[in-house]
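Each chain, written out:
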Amino acid sequence: MLIFSKIILLLLFFTTSTLQIEEYCEIDDMVCKGASFKQNYRYLFYDVNPPEGFNLRRDVYMRYAIWAHKLMLNSRLEYHKYVKLVLPPWSRLYHWRYSEKPEFKPWSYYFDLESLQKFAPVIEMYQFFDDVKKTGSNKVLIDEVYILQHYEDMFQSGKFIEKMSIEKCNEPVDPNYFYYKNITSNNVKCLSFHGFTDQLTNLFETSSSKTFLFIHGEVVLHSNFGDKLYWKCRRSMRFNKHLINIANEFRNKNLNSTDVSDKTELPEDWKEEKPRRTALGGPYLSVHLRRGDFVRARPKDTPTISHAAKQIKNRLIDLSINKVFVATDAKINEINELKSILESDGFQVLLYEPNKNVLQKFGDGGVAIIEQIICSYSRYFIGTYESTFSFRIQEEREIIGFPVESTFNRFCGGDSFECEPPSKWKIVY
Ligand code: GFB
């Protein structure tokens, strides 16, 4: 706005107890003064509703990573471009039963951090703390905390109108964040929100604060869902190389599957990647058979073990394949039941069983990723309806370049063999 044209925005150098005026930017000239300016980043934090699982969190990451990517490239003002998105560590996830050490796992345990950084200006939480320690403190007082919440009447009008406003909090305010005792704030507001990440840009660009935290980050929707930028960000989410190697070894040893024979080689650099449909996949069927809370919460869409076995058998016969790889959170007795039905019909059933080292180092999250990778390279995939675990496998298969028909398939619940097909989130640009 014009009224701002004479305002000098002060860049505030972050310390926990005091705020020092270090450098400034003139909005008129769009320039920043101060030799070490580039080192003085503004930090964005986000967190996700605690019960949400690993694979929804991966999607929420993309919303903020794309936003940070755009701030870095497109901001009106030079100083808005010096932004860092701080990755919330993986801790105390509801579904991860294996006692995880360290408790706050950095993203590099699961993803290739360098690859993420080629798309978005991300840093790990411990790297942020390293910056904080340089100020002589280990306490963090976040300048602006927004607890995002849905409008109570959001779905009543039937119209999608983007809006946001500071309102009364719907939930009690928790004074600590990310389960850390040394991160807090004196400036916490509840932000009722309806819309996409880009709507947050105004909030960021009209403030001189150095640190921002968005709690319930999942309330904000993708501004770029399904477009070229979306897929660029998704491609940047390559897994930790160690996990890829474990999955590849398993494919090679047990499934006669290699990238060369499966036509699934991906270039080292994903930046110029284009959509493709050339992958063949290894000579096995893969399935993601979600059990756990789905059995209770979604009985209509979740098959019994014997009905899942029938669907697997039919597909193996159609494909003239005799091996199935099963990714599942099923109980051991359910796995045994599935195996015994299929094996008695002469089919080979494979599951990934981690050794102690893998489990200790990467925990349940690492095991889940290894299974997801193995599913991503099969000739044909069947997933579980509306499971984000299955969605992420489907995205991976889109990136690798499989024919659409080999990817967007699901188990039917009840005793039916025909059911509503899954949404097809294809790469179409
Ligand atoms: O990733 P996720 O949230 O997908 O699944 P949904 C939750 C967790 O369950 C994963 C484990 O992070 C894994 O730890 N898990 C699920 C599996 N399937 C498998 C599997 O095939 N193999 C292995 N190793 N682990 C959401 C839940 O689950 O569904 C929400 O997070 C809610 O809390 C919602 O219940 C309905 O989208 O399947």
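Residues numbered from 1 in each chain as written. Predicted model: local features only at pLDDT ≥ 70, side-chain atom pairs only at ≥ 80, totals over all residues. Heavy atoms only, no water.

1. Some details on the sheet that holds strand 4 (residues 42-46)
Rules: A pair of strands is treated as paired once DSSP finds two or more bridges between them. Only DSSP runs of H or I with at least four residues qualify as helices, and only runs of E with at least two residues qualify as strands; both kinds are numbered from the N terminus onward. The axes used here are C-alpha line fits, helices contributing only the stretch in contact, and every angle between their N-to-C directions lies in the interval 0 to 180 degrees. Two residues qualify as a contact provided that any one of their heavy atoms is within 4.5 Å of a heavy atom in the partner residue.
Strands sit in the order 6-5-4-12-8-11-9 across an open sheet of 7 strands; the sheet is mixed. Two strands in the sheet have a free side with no partner beyond their single neighbour: strand 6 (122-124) and strand 9 (163-167). Averaged over all neighbouring strand pairs, the angle between strand axes comes to 30°, with direction disregarded. Summarising the sheet, strand 5 (residues 83-87) and strand 6 pair through 3 bridges and their orientation is parallel. Considered in strand 6, the bridge of valine 86 is made with isoleucine 123. The sheet strands contacting helix 1 (residues 54-74) are strand 4, strand 5, strand 6, strand 8 (144-149) and strand 12 (211-215), and the helix crosses strand 5 at an angle near 165°. Sitting on the sheet, helix 3 (residues 125-133) touches strand 4, strand 5 and strand 6, and the angle it makes with strand 6 is about 80°.

2. Overview of the pattern of salt bridges
Note the cut-off: Whenever a carboxyl oxygen of Asp or Glu lies within 4 Å of a side-chain nitrogen of Lys or Arg, that contact is scored as a salt bridge. Summary of the burial criterion: residues with accessible area below 20% of their type's maximum are buried, those above 50% are exposed, and those between are partly exposed, where the area comes from a 1.4 Å probe applied to protein chains only.
Within the structure shown, the criterion is met by 18 salt bridges. As a salt-bridge pair, aspartate 198 and lysine 70 come within 3.0 Å of each other at their nearest N and O atoms. One end of the pair, aspartate 198, is in the loop between strand 11 (188-194) and helix 4 (200-205); the other, lysine 70, is in helix 1, and 128 residues separate them in sequence. Note on aspartate 198: relative accessible area 35%, which makes it partly exposed. A salt bridge links arginine 251 to aspartate 259; the nearest nitrogen and oxygen atoms lie 3.0 Å apart. Owing to a relative accessible area of 23%, aspartate 259 belongs among the partly exposed residues under this scheme. Among the charged side chains, a salt-bridge network with shared partners connects Arg234, Arg392, Glu395 and Glu396.

3. As for the sheet that holds strand 14 (residues 323-328)
What the 4 strands build is an open sheet, ordered 15-14-13-16; its pairing is parallel. The sheet is open, and its two edges are formed by strand 15 (348-350) and strand 16 (378-382), each paired on a single side. Averaged over neighbouring strand pairs, the angle between their axes works out to 25° when direction is ignored. Relative to strand 14, strand 13 (residues 282-289) runs parallel, the two sharing 5 bridges. Residue histidine 288 lies in a different strand from strand 14, and its bridge partner there is alanine 327. On the sheet, helix 11 (residues 356-376) packs against strand 13, strand 14 and strand 16 and is oriented at approximately 145° with respect to strand 14.

4. Notes on the site of the ligand
Rules: A single heavy atom is enough: if one lies within 4 Å of a molecule or strand, its residue is considered near that molecule or strand. What qualifies as a polar contact is a pair of N or O atoms within 3.5 Å, subject to a donor-acceptor requirement within protein and to the restriction that residues adjacent in sequence count only when both atoms come from side chains. Each residue is assigned to one of three groups, with Ala, Val, Leu, Ile, Met, Phe, Trp, Tyr, Cys and Pro labelled nonpolar, Asp, Glu, Lys and Arg labelled charged, and all others, Gly among them, labelled polar.
Taken together, 19 residues surround the ligand, and among them Asn55, Arg290, Asp293, Ser387 and Thr388 come closest. Take phenylalanine 389: an N or O atom from its main chain is 3.5 Å from an oxygen atom of the ligand. For the shell around the ligand, the secondary-structure elements that each account for two or more residues are helix 1, helix 8 (292-297), strand 14, helix 11 and helix 12 (388-400). When its residues are assigned to classes, the shell around the ligand shows 7 nonpolar, 7 polar and 5 charged.

5. A closer look at the packing of helix 9 (residues 305-319) against helix 10 (residues 332-344)
Condition: Each angle is binned into one of four classes, with values under 35 degrees roughly parallel, values over 145 roughly antiparallel, values of 65 to 115 roughly perpendicular, and all other values oblique. When the near helix sits turned anticlockwise from the far one by under a right angle, the crossing is termed left-handed; a clockwise turn instead gives a right-handed crossing.
Two elements in contact, helix 9 and helix 10, have axes whose closest approach is 9 Å; the angle formed by their N-to-C orientations is 40°. Judged by the inter-axis angle, helix 9 sits oblique to helix 10. Every pair of crossing elements has a handedness; the one defined by helix 9 and helix 10 is right-handed. Facing helix 9, whose interface residues are Ile305, Ser306, Ala309, Ile312 and Lys313, helix 10 presents Glu334, Glu337, Leu338, Ile341 and Leu342. Of the residues that constitute the contact of helix 9 with helix 10, the class distribution is 6 nonpolar, 1 polar and 3 charged.

6. What to know about the packing of helix 11 against helix 12
It is at 9 Å that the axes of helix 11 and helix 12 come closest, and there the two elements cross at 45°. Relative to helix 12, the element helix 11 is oriented oblique. The way helix 11 lies across helix 12 gives a crossing that is right-handed. Touching Ala368, Gln372, Cys375 and Ser376 of helix 11 are Phe389, Arg392, Ile393, Glu396, Arg397 and Ile400, all from helix 12. Its residues assigned to classes, the contact of helix 11 with helix 12 comprises 5 nonpolar, 2 polar and 3 charged.

7. A few points about the side chain of serine 236
Within the element layout of this structure, serine 236 appears in helix 5 (residues 228-236). Taking the relative accessible area as the measure of exposure, serine 236 reaches 0% and is therefore buried. With near-sequence residues (within four places) excluded, serine 236 lies in contact with Ser115, Leu116, Phe119 and Trp270.

8. What to know about the state of the cysteines
To be explicit about the condition: Here, the term disulfide refers to a pair of cysteine sulfur atoms separated by no more than 2.5 Å.
Per the stated rule, a full pass over the model turns up 2 disulfides. Bridging cysteine 412 to cysteine 419, the disulfide has an S-S length of 2.0 Å. Sign of the S-S torsion, about -80° for the bond between cysteine 412 and cysteine 419, identifies this disulfide as left-handed. Judged by relative accessible area, which is 4%, cysteine 412 ranks as buried.

9. Some remarks on the nonpolar core
Definition in use: Put simply, buried Ala, Val, Leu, Ile, Met, Phe, Trp, Tyr and Cys residues joined by side-chain atoms within 4.5 Å make one nonpolar core.
Tyr61, Tyr64 and Phe214 are the most contacted members of the largest nonpolar core, which totals 74 residues. Among the elements that line this core, the one with the most residues is helix 1, at 11 residues. Setting aside anything within four residues of it in sequence, one finds tyrosine 61 in contact with Tyr46, Leu85, Leu87, Trp107, Leu116, Ala120, Val122, Cys233 and Met237. Listed in part, the 21 residues of the second largest apolar core include Leu285, Val326, Ile335 and Tyr380.

10. Considerations on unusual backbone geometry
Positive phi, normally seen in glycine, also occurs at asparagine 256, with a value near 55°. Take asparagine 256: it is sitting in the loop between helix 6 (241-255) and helix 7 (259-262). Positive phi outside glycine occurs at serine 320, with the angle close to 55°. Following the sequence through the fold, serine 320 ends up in the loop between helix 9 and strand 14. With a relative accessible area of 68%, serine 320 lands in the exposed category.

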